[in-house]
Amino acid sequence: MVDSGGLWTPPEDELGEALQTAQLLIEEGRADEAGPYQQRVIELARERAGEHPDHYEAKHLMAATQYELAGSLNASGRHEEALAALHEAQLGYTELSDAGVLDATSFLADVRARRAMTQAHRGHGATAVLEMDGAVIAYGQLVSGPDGPKYQPDFARVLAMNALILRRYGDPALAVASADAATQLFLQLADQINDSPQSLSYARYLCSATAVSADVHASEGRLDLALEADEIGLTTADTLADSESATDLRTLVAALTRKGKHLGIVGRMMDGEACLRTAFETDAETAARVTEELDRGLPLNLVAALENAEIKLGPFEQYHRLVALSEPAPGMTLATVSGRTDPESAAVRASELAELVGPLLLQDVDAALTLGLESHYLFAISSERESHRMRYETSTYAPIWAKVLLDISAAYHQAGRSEMALDLAGWCAEVATALIPFTDDDTVMKDLAGSCYRHHGDLLAATGDLMASQHAHDAAEQLQLGR
């Protein structure tokens, strides 16, 4: 995060030294080593804020450092602790915003983006997609405002993060749109970014954006665009590798591997083999991981999943309306799920997608999961934007949402993807709570809500979280007893 325009400057004492050390480690790609220094900054800032309740500079420093600490915790694989740190950062920025001493829009968007990446690290991809969607929309509004140029570098960064998450848990067509937009913006801002203290950090995000672009363009047969992205990524990664950071070296090896594979596809065998040979000689583990990822391929995009559904289920009336979701809504750029349609229409399109999921799960699980996720994303966006349908026609749309979540969570669990299954089950339980007001005189609604709670409880038990599992099963039992 670029915490610009803030309330504080680093003091010249122990706090300042700890802060400077942590920031230096992050810039060197050694975020996993920065945590202890960040913890000390938070402790000292908390002491100062405790002595002076209106010491907003110290509170701002605490929030900013909690945000950075989350990145360090993620680098160390401590994702639950990272989520806790992000919660503290969000509370801090919200307090400053409510006090009228800081416009926290960009900071809260950054918290949301980092929370998305944290959830992705945990395998909770559905939550990650939606968190990142909100971050991209917030930055899109900022760059359209009067201070737009100030936010452009971080908009590019968030677009690159969005592309990474969509590549794995969303529609590859959205992922490549986001990655291409990030790459173009980074290149346009090259002079400004190169003069920035965060230049190395931005370069790393450029590498991640070009990797997504290359992967998706290559999978769709657009090899000229893939190789163009490869070249940008490799040039940037080569420069980054001068930092002597192990992380940056892995980025270079990944870029070499990716370009080597793509050169082989276009018939430039000698060049491709040279890239791959250098990659494997430098870091065989990273090269093998990237090779495996490329060989595994990408998830189905929305249009391909709809085409498969039409083949398996026969023609269906909503086909063309749903294919139209692959084009951006008026005034939107299609790099996020929320760019597909307006919030009111989102609930309707989500329902139409949900109709296909149950029958399709019996014939084409991959296509069914793609359509089920897209249905969930549209329902969630319509709900978050407080559309009329989701607020005042809850009894119509929430049961459809709950059922599709129940179905695809069970399918992910059966496929061995337990983290994604648990993520969706958590959403399922939340939607079940919205059904409770309608369960007194509707046994179907009551049974559906109870099934959602029990399913969530079963998956929590499978992870060893027995206390949370018991709470979920208790909620289902109380629902049946009418308490």
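Since this is a predicted model, take the numbers as computed values, not measurements.

The rules behind these values
- Residues numbered from 1 in each chain as written.
- Predicted model: local features only at pLDDT ≥ 70, side-chain atom pairs only at ≥ 80, totals over all residues.
- Heavy atoms only, no water.
- Axes fitted to C-alpha atoms, helices over the stretch in contact; angles between N-to-C directions.
- Helix = DSSP H or I, 4+ residues; strand = E, 2+ residues; numbered from the N terminus.
- Parallel < 35°, antiparallel > 145°, perpendicular 65-115°, else oblique.
- Left-handed = near helix turned anticlockwise from the far one by under 90°.
- Contact = heavy atoms within 4.5 Å.
- Nonpolar A, V, L, I, M, F, W, Y, C, P; charged D, E, K, R; others polar.

Asks: I would appreciate a short explanation of the packing of helix α11 (residues 223-240) against helix α12 (residues 246-265) in the present structure.
Replies: Put simply, α11 and α12 touch, their axes get as near as 9 Å, and they point 155° apart. With respect to α12, the axis of α11 lies roughly antiparallel. With respect to the hand of their crossing, α11 and α12 are arranged in left-handed fashion. Of α12, the residues touching α11 (which contributes Leu223, Ala226, Leu227, Asp230, Glu231, Gly233, Leu234, Ala237, Asp238 and Leu240) are Asp248, Thr251, Leu252, Ala255, Leu256, Arg258, Lys259, His262, Leu263 and Ile265. When grouped by side-chain class, the residues that make up the contact of α11 with α12 number eleven nonpolar, three polar and six charged.

Asks: Is there a simple way to explain the packing of helix α17 (residues 343-361) against helix α20 (residues 394-414) in this structure?
Replies: Two quantities define a packed helix pair, namely the angle between the axes and the distance from one axis to the other. With their axes 10 Å apart at the nearest point, α17 and α20 run at an angle of 40° to one another. Taken together, the axes of α17 and α20 lie oblique to each other. Helix-helix and strand crossings are classified by hand; for α17 and α20 the assignment is left-handed. Together, Ala347, Val348, Ser351, Ala354, Val357, Gly358 and Leu361 of α17 and Tyr397, Ile400, Val404, Asp407, Ile408 and Ala411 of α20 make up the contact between the two elements. Class assignment for the residues of the contact of α17 with α20 results in ten nonpolar, two polar and one charged.

Asks: When you look at the environment of valine 303 in this model, what are you seeing that I'm missing?
Replies: Tracing the backbone through its elements, the reader meets valine 303 in helix α15 (residues 302-313). For the pair valine 303 and valine 111, spaced 192 residues apart in sequence, the C-alpha to C-alpha distance is 32 Å.

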